[in-house]
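Listed below are the residues making up each chain.
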Amino acid sequence: GPAAGVDYDLPMHLTQQALLPLLAGLLATMAVEVAAVEGPLQVCPVLSGESHPPSDYDRPDCWSAGLYEIDIQDRMLWIRARLEPVPYETSFLGVLISMKAASEVFLAGEMIGRNGLPGPDRETESPGRMDVVIPLDRSQLDAADRTLDIKVSSHHNWLRLRYPIHGLELVNYPSQQDQTLRYYLPSLLPMGVFLLAVFYFGSLTLRSEDWSVPALLAALSALVMLQLLFEASRGLYAYAYPVQDLRLIGILACSIGFGLCLAGVSARQFLERHRLILMMLVVLAMTVAIVLTTSWDTRTALVLLMATSYAWIAAIIGWRKGRPLAPAHVVALTLFLLANLYYPDRFIDHGFYLLVALFLVGLMVLQAISYGRERQGRIEQRQRADQLQQAIDQSRADREPQTLTVPGTGQVQTVRVDELIRVQGAGDYAALHLMDGRELLHNSTLNELDTELPSNFLRVHRSHLVNTRCIDRLERKESGTGTLYLNNGQTVPVSRRIMPGVRRALR
């Protein structure tokens, strides 16, 4: 396998024979045959005008090195390897070259393929793909001379990686992208969860009074989805090697954003004080991790580890204070920490996304339950407020009976509100039905009277206001509408839309 700390993104299938990983039994992938090149490699600088491999690697400027020890960045080199003897039953199809370089490949001194165009400087080099399989046939593998020479150059670099070479092997598949995509396929399964979480928490942000936590969770979901796209991009298309730098920067940037959002969620939910101090500590810990490490995979793993640790501490504090969601956060963050510490490389490729998906599903369920309880609490609070207002209105009416002035022909009548049993809309007028059986026509609309009458008058239909003190019973029909029976024997229809509110008001 590769040396510790290699900036590799395909740690298993680029370096040893393996089944592509199974994660929690979600998906089985196909086995591949892989054969590494033999022993230490010989390395020489490419001399001016040298188009074919040198016959002698014993020049004073040449040296021997392991594959991952060779730094090809800002240089043009010859690399010589010996292919292992190939058993007859194997079916290798080509040479996998996975490195940040343009390359020309020679077998027994004859060029068998090219990936980009190597050159002595940036202007003359044409960047090759990050991962490419150079085809081979059986006769070439059975030849007596199995000397493999590779001319490489790497001048289009934005980042300087510690290990720019990721693999050099015989493989039995024609496309490296297919294998890479299979490797990341278990991680792509949660993509729908991340997209759902973005919309779910985004809608909560717009509806909730305290929008900060849903907004952070929406941002967290978007960042982890973007990070997964960066991760899987190596299997989605065969990009030129300079794009690898952008991919690594994108993955790290998304990890930083995810970590800050995660710590922010815990701080907002579980800490009453020192939130700013926690976030400053998270930023400081991330900065130290990035500065003191050279491997980009290690940086990503440490950034996530730092953020998860501080979020875990905040959740523990919230648990001790009896916060309702704190225990679930502690369990989820503990799983994050253990998975990251036990196998950081596999964690950032697979486990991270699956655990985040489970975490977000759990949060959506908890948030839905919490939102339902909050909504029920608001309904009960509104009912209590309505009951209080009715009591206040009744007390005021008992002390100072409210009256309505009803203009008539040649006279003006005054009607006490507590004598009204119901009001019925009649276009631009309203019919007042009194307890003594009289019916008077008022020159106000039903909407105007609805705002003028006290709270014990309930709008039960677009054309009816009813004095709740005069209601005998309510009958609900299967269609969702209803009928109010008044204590004077009259009935009033209740519309389907208003029925829930009427039932609550009459409890």
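Data block above holds the structure.
Let me sum up the structure you'll find in this document. (Residues numbered from 1 in each chain as written. Predicted model: local features only at pLDDT ≥ 70, side-chain atom pairs only at ≥ 80, totals over all residues. Heavy atoms only, no water.)

Describing helix α8 (residues 326-342)
Rule in force here: A run of H or I in DSSP counts as a helix once it spans at least four residues, and a run of E counts as a strand once it spans at least two, with each numbered from the N terminus. One less than the residue count of a helix, multiplied by 1.5 Å, gives the span that helix is expected to have. With a 1.4 Å probe rolled over the protein chains alone, any residue whose accessible area is under 20% of its type maximum counts as buried; one over 50% counts as exposed, and the rest are partly exposed.
Its 17 residues give α8 an end-to-end C-alpha distance of 24 Å, which sits within 8% of 24 Å, the value for a rise of 1.5 Å per residue. Those residues of α8 that fall on the buried side of the exposure criterion are Ala326, His329, Val330, Ala332, Leu333, Phe336, Leu337 and Asn340.

Some points on the sheet that holds strand β18 (residues 457-461)
Pairing between the strands of a sheet is mediated by backbone hydrogen bonds and can be parallel or antiparallel. Rules: When DSSP finds two or more bridges between two strands, those strands count as paired. Note on method: axes are straight lines fitted to C-alpha atoms, helices fitted across the in-contact stretch only, with angles between N-to-C directions ranging 0 to 180 degrees.
Taken together, 5 strands build an open sheet; the order of strands is β17-β16-β15-β19-β18 and the sheet is antiparallel. Sheet topology places β17 (439-442) and β18 at the edges, where each strand pairs with a single neighbour. Shown here is a sheet whose adjacent strand axes are inclined to one another by a mean of 25 degrees, direction ignored. With 4 bridges connecting them, strand β16 (residues 429-434) and β17 associate as antiparallel partners.

Topic: helix α7 (residues 296-320)
Turn by turn, an α-helix covers 3.6 residues, leaving residues three or four places apart pointing in a common direction. Under the convention used in this document: For the purposes of these results, a polar contact is taken to be a pair of N or O atoms within 3.5 Å, where, inside protein, one atom must be able to donate a hydrogen and its partner to accept one; residues adjacent in sequence count only when each atom of the pair is a side-chain atom.
Look at α7: 36 Å from first C-alpha to last across 25 residues, which is about the 36 Å you get at 1.5 Å a residue. Two to three positions downstream of the cap, the backbone nitrogen of Asp297 sits 3.5 Å from a side-chain oxygen, assigning the N-cap of α7 to Ser295. Of the residues one or two after α7, Gly322 is the one with positive phi, at around 80 degrees.

Here's the deal with the packing of helix α2 (residues 176-188) against helix α4 (residues 212-236)
Put simply, the rule is: Angular relationships are summarised with four words: roughly parallel below 35 degrees, roughly antiparallel beyond 145, roughly perpendicular across 65 to 115, and oblique for the angles in between. Contacts are residue-level and defined by heavy atoms, with any inter-residue pair within 4.5 Å sufficient. Here the term charged refers only to Asp, Glu, Lys and Arg, the term nonpolar to Ala, Val, Leu, Ile, Met, Phe, Trp, Tyr, Cys and Pro, and the term polar to all other amino acids, Gly among them.
Packing of α2 against α4 brings their axes to within 7 Å, and their N-to-C directions diverge by 155 degrees. Regarding the angle of α2 to α4, the classification is roughly antiparallel. Of α4, the residues touching α2 (which contributes Gln177, Thr180, Leu181, Tyr184, Ser187 and Leu188) are Leu228, Glu231, Ala232, Arg234, Gly235 and Leu236. Per-class residue counts for the contact of α2 with α4 are 6 nonpolar, 4 polar and 2 charged.

Digging into the packing of helix α3 (residues 191-207) against α4
Operational definition: By definition, turning the near helix anticlockwise from the far helix through less than a right angle yields a left-handed crossing, and turning it clockwise yields a right-handed one.
Contact pair α3 / α4: the axes reach a minimum separation of 8 Å and the direction vectors enclose 155 degrees. Here α4 runs roughly antiparallel to α3, going by the angle between their axes. Crossing of α3 against α4: the hand is left-handed. Here Met191, Phe194, Leu195, Ala197, Val198, Phe201, Gly202, Leu204 and Thr205 of α3 lie close against α4, whose contacting residues are Pro214, Ala215, Leu217, Ala218, Ser221, Ala222, Val224, Met225, Leu228 and Leu229. In terms of residue class, the contact of α3 with α4 is built from 16 nonpolar, 3 polar and no charged.

Brief notes about the state of the cysteines
Note on terminology: a disulfide is the covalent bond linking the sulfur atoms of two cysteines. The cut-off we apply is this: Disulfides are defined as pairs of cysteine sulfur atoms found within 2.5 Å of each other.
Applying the stated criterion to the full structure yields 1 disulfide. Paired by a disulfide, Cys44 and Cys62 hold their sulfur atoms 1.7 Å apart. With the S-S bond torsion at 115 degrees, the cross-link from Cys44 to Cys62 turns out right-handed. Placement of Cys44 in strand β4 (residues 38-45) and of Cys62 in the loop between β4 and β5 (63-65) is noted, with a sequence separation of 18 residues between them.

Description of the nonpolar core
Rules: Put simply, buried Ala, Val, Leu, Ile, Met, Phe, Trp, Tyr and Cys residues joined by side-chain atoms within 4.5 Å make one nonpolar core.
If you look at the biggest cluster of nonpolar residues, it comprises 38 residues, and the most contacted ones within it are Phe194, Phe201, Phe258, Phe336, Phe352 and Val356. Looking at this core, the elements with two or more residues in it are α3, α4, α5 (242-270), α7, α8 and α9 (344-399). If you tally residues by element for this core, the top one is α9, at 11 residues. The contact partners of Phe352, leaving out residues within four places of it in the chain, are Val224, Gln227, Phe258, Leu304, Phe336 and Phe347. Among the nonpolar cores identified, the runner-up in size contains 30 residues, and Val95, Ile134, Leu148 and Val152 belong to it.

A few points about the packing of aromatic side chains
Just so we agree on the cut-off: What counts as a ring pair is set by centres within 6.5 Å for rings of Phe, Tyr and Trp (its six-membered ring), and what kind of pair is set by the plane angle: stacked under 30 degrees, edge-to-face over 60, tilted for all other angles.
Per the counting criterion, the structure on display carries 7 aromatic pairs. With a centroid separation of 5.2 Å and an interplanar angle of 80 degrees, the aromatic rings of Tyr200 and Phe201 are classed as edge-to-face. Seen in terms of ring centroids, Phe336 and Phe352 are 6.4 Å apart; in terms of plane orientation they differ by 85 degrees. Their pairing is edge-to-face. Taken together, the residues span a long stretch of sequence, with Phe336 in helix α8 and Phe352 in helix α9 at a distance of 16 residues.

Thoughts on the sheet that holds strand β22 (residues 491-494)
The strand order β20-β21-β22 describes an open sheet built from 3 strands, whose pairing is antiparallel. The strands lining the two open edges of the sheet, one partner per strand, are β20 (471-476) and β22. The average undirected angle you get between the axes of adjacent strands in this sheet is 20 degrees. Summarising the sheet, strand β21 (residues 482-486) and β22 pair through 4 bridges and their orientation is antiparallel. Bridge pairing in β22 places Thr483 opposite Pro493.

Some thoughts on the side chain of Ser255
Looking at the secondary structure, you find Ser255 in helix α5. Residues contacting Ser255, with those up to four places away along its chain left out, are Gln227, Thr300, Val303 and Leu304.

A closer look at unusual backbone geometry
Of note in the backbone geometry, Ala108 takes a positive phi value of approximately 55 degrees without being a glycine. Checked against the element boundaries, Ala108 lands in the loop between β8 (102-107) and β9 (110-115). Of the residues examined, Ala108 reaches a relative accessible area of 35% and is grouped as partly exposed.

Observations regarding the pattern of salt bridges
Formally: The salt bridge definition used is simple: a Lys or Arg side-chain nitrogen within 4 Å of an Asp or Glu carboxyl oxygen.
The final tally for this structure, using the stated rule, is 15 salt bridges. A salt bridge links Glu231 to Arg247; the nearest nitrogen and oxygen atoms lie 3.5 Å apart. Here the residue Glu231 occupies a position in helix α4, and Arg247 occupies one in helix α5, the gap between them amounting to 16 residues. Both residues of the pair, Glu231 and Arg247, count as buried. A single network of salt bridges, built from pairs that share partners, joins Glu50, Arg59 and Asp61.

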